[in-house]
Amino acid sequence: MKYLSSSLDCLRCELKLRNIGFHHNQLDEFYRSKWQSEKTCVWFLLYRWLWFLIFLTIFLLCICNQFADGKYFIFFTNWGIVVCVITQLLAVILATQWHFNFLDVRSTTSEVSQTLRTPKIVGLYWMLHNVTMVVASVISFIYWLFLHGKMDKPIRYPELTFITHCLNLVFMLVDYFIVAFPVRLMHTIYAMLFTISFFGFSGIYYLCGGTDDYGHHYVYPFLDWTTPVKCVRAFFGIFFLHCMCSVLLFGLYQVKRFLHKIYKGDVRRNDDGLI
């Protein structure tokens, strides 16, 4: 009961309206790894550059092979890849700035303060990181459960399809466990707005007579706007999936925090001998 009560208190705290914002009183956590003990870590800097180059390479490969007169950008998966690249770009900028102390960033962010303003680039990075995690999870679930093998068109580049519908989530999950900044359940609203934007785009694209690269009048079979009821059902289904993925990711964040306490030796046994 003690742990259930503690979990409910944590959930109630997370669902407060103020957590929609981007204030955090330890800004250095956005520049560093959760697992580094020194102020700077060259391995983390190399990791940040490697991850950025991986996502940039994936994006460039997709553009070179799947551009299709610009129709690459009508698919939700590719929206997710673009946001992943932007997120990793912001991450590498922040890590590089911290490592070389550009603009004296260490002295201005290392102190714990309730009044320290979050820089815009940090707030944007925090928001986009949450968006990429939730969207990558939703994309993988939707594709492997509802679309793989059921699309009425051939898979021309199976390797890229696997990378963009599976490995991108794997890479983001690795990043999820390495970064130090907190996860806010209320930030899932931004991932939902991202998906709502795509639904709106798909409807406008249909009304404008747009087609996919095979001439279909829809972007995805479940977003066929000739039957709006199907699209509404898809919207609520994906909304539920968003909520489920956000809760699962928040649970993984709590696991990471617990593992970090073990790593730091901060876990203590209570009177009953339980952790």
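Looking up the protein in an unreviewed UniProt entry gives the name Protein rolling stone, with the organism given as Musca domestica.

J.: Sorry if this is basic, but what is going on with the overall build of the protein here?
T.: If you tally the helices and strands in the protein, you get 8 helices and 0 strands. When the helices and strands of the protein are placed in sequence order, the string is α-α-α-α-α-α-α-α. Taking 19 Å as the expected radius of gyration for a compact globule of 275 residues, we find that the protein reaches 21 Å, a close match to that expectation. With the C-alpha coordinates aligned to their principal axes, the bounding extent of the protein is approximately 60 × 45 × 35 Å. The long-range fraction of contacts in the protein, counting pairs at least 24 apart against all pairs at least 6 apart in sequence, stands at 79%. Mean positive and mean negative side-chain charge positions of the protein (24 and 17 charges, respectively) differ by 4 Å.

J.: Is there a simple way to think about the UniProt feature "transmembrane region" (unreviewed entry) in the protein in this case?
T.: The sites that UniProt annotates as "transmembrane region" (unreviewed entry) are residues 42-68, 74-100, 121-146, 162-181, 188-207 and 234-255. Helix makes up 100% of residues 188-207 and strand makes up 0%, while its end C-alpha atoms are separated by 29 Å. Between the first and last C-alpha atoms of residues 234-255 the distance is 31 Å; the span itself is 100% helix and 0% strand.

J.: Would you explain helix α5 (residues 120-147) in this entry?
T.: One full turn of an α-helix is made of 3.6 residues, so residues set three or four places apart face in the same direction. With 28 residues, α5 should cover 40 Å at 1.5 Å per step; its first-to-last C-alpha distance of 37 Å lies within 8% of that length. Across the 28 residues of α5, 20 count as buried, placing the element largely inside the fold.

J.: Would you mind showing me how to read the packing of helix α7 (residues 188-207) against helix α8 (residues 228-264) here?
T.: Each pair of packed helices can be described by the angle between their axes along with the distance between the axes. Running from N to C, α7 and α8 point in directions that differ by 160°, and their axes come no closer than 10 Å. With respect to each other, α7 and α8 are oriented roughly antiparallel. The interaxial crossing formed by α7 with α8 has right-handed handedness. For the pair α7 and α8, contact is made by Thr188, Ala191, Met192, Thr195, Ile196 and Phe199 and by Cys231, Ala234, Phe235, Ile238, Phe239, His242, Cys243 and Ser246, respectively.

J.: Looking at this structure, I do not really get the packing of aromatic side chains. What am I missing?
T.: In this description, a pair of aromatic rings is defined by centroid distance and the angle of the planes. Throughout the structure, instances matching the rule amount to 32 aromatic pairs. Here the aromatic rings of Tyr72 and Phe73 are separated by 5.1 Å at their centres, their planes lie at 90°, and the arrangement is edge-to-face. Both rings, one in Trp79 and one in Phe201, keep their centres 5.5 Å apart while their planes meet at 45°; by these two values the pair is tilted. Pair noted here: Trp79 is in helix α3 (residues 76-99) and Phe201 is in helix α7, with a separation of 122 residues, a long-range link. Owing to a relative accessible area of 25%, Phe201 belongs among the partly exposed residues under this scheme. Feature note: the residues Phe75, Phe76, Trp79, Phe194, Phe198, Phe201, Tyr205, Tyr220 and Phe222 constitute an aromatic cluster, connected by ring pairs. Positioned over the ring face of Tyr176 is Lys256, at 5.7 Å from the centre of the ring.

J.: Looking at this structure, I do not really get the environment of Ile196. What am I missing?
T.: Looking at the secondary structure, you find Ile196 in helix α7. Remark: the alpha-carbon pair of Ile196 and Phe76, spanning 120 residues in sequence, is separated by 11 Å.

J.: What should I look at first to understand helix α6 (residues 158-178) in this one?
T.: For α6, which comprises 21 residues, the first-to-last C-alpha distance of 29 Å matches the rise-based estimate of 30 Å (1.5 Å per residue) to within 8%. Among the structural elements, α2 (42-66), α3, α5 and α8 are those in contact with the buried residues of α6.

J.: Which parts of the structure should I look at to understand the pattern of salt bridges?
T.: Pairing of side chains with opposite charge becomes possible as their charged atoms draw close. For the coordinates displayed, the defined rule picks out 6 salt bridges. In this structure, the salt-bridge partner of Asp212 is Lys153, at a minimum N-O distance of 3.3 Å. Taken together, the residues Asp212 in the loop between α7 and α8 and Lys153 in the loop between α5 and α6 connect sequence positions 59 residues apart. Residue Asp212 is classed as buried on the basis of its relative accessible area, which comes to 2%. Notably, a salt bridge pairs Arg156 with Asp213, separated by 2.7 Å at the nearest N-O pair. In this pair, Arg156 is assigned in the loop between α5 and α6 and Asp213 in the loop between α7 and α8, connecting sequence segments 57 residues apart. Sharing partners across several salt bridges, the network here consists of Lys153, Arg156, Asp212 and Asp213.

J.: What is the right way to read a nonpolar patch on the surface from this model?
T.: A grouping of Phe141, Leu145, Phe146, Phe240, Met244 and Leu248 is seen on the molecular surface, where their side chains present a nonpolar patch of about 610 Å² in accessible area. For the nonpolar patch, the elements supplying multiple residues, two or more each, are α5 and α8. With respect to the helices and strands, Met244 occurs in helix α8. In this structure Met244 comes out as partly exposed when scored by relative accessible area, which is 32%.

Rules used throughout
- Residues numbered from 1 in each chain as written.
- Predicted model: local features only at pLDDT ≥ 70, side-chain atom pairs only at ≥ 80, totals over all residues.
- Heavy atoms only, no water.
- Helix = DSSP H or I, 4+ residues; strand = E, 2+ residues; numbered from the N terminus.
- Rg over C-alpha atoms; globule rule 2.2 N^0.38 Å.
- Contact = heavy atoms within 4.5 Å.
- Lys, Arg positive; Asp, Glu negative; His and termini not counted.
- Charge placed at Lys NZ, Arg CZ, Asp CG, Glu CD.
- UniProt positions renumbered as here; feature names shortened; annotations may be inferred.
- Expected span 1.5 Å × (residues − 1).
- Buried < 20%, exposed > 50% of the residue type's maximum accessible area, 1.4 Å probe, protein only.
- Axes fitted to C-alpha atoms, helices over the stretch in contact; angles between N-to-C directions.
- Parallel < 35°, antiparallel > 145°, perpendicular 65-115°, else oblique.
- Left-handed = near helix turned anticlockwise from the far one by under 90°.
- Phe/Tyr/Trp six-rings, centres within 6.5 Å; stacked < 30°, edge-to-face > 60°.
- Lys NZ or Arg CZ within 6 Å of the ring centre and 35° of its normal.
- Salt bridge = Lys/Arg side-chain N within 4 Å of Asp/Glu carboxyl O.
- Patch = residues over 30% accessible without salt bridge, like charges linked within 9 Å, V, L, I, M, F, W, Y side chains within 5 Å.
- Areas by Shrake-Rupley, 256 points an atom, 1.4 Å probe, with all protein chains shown as cover.

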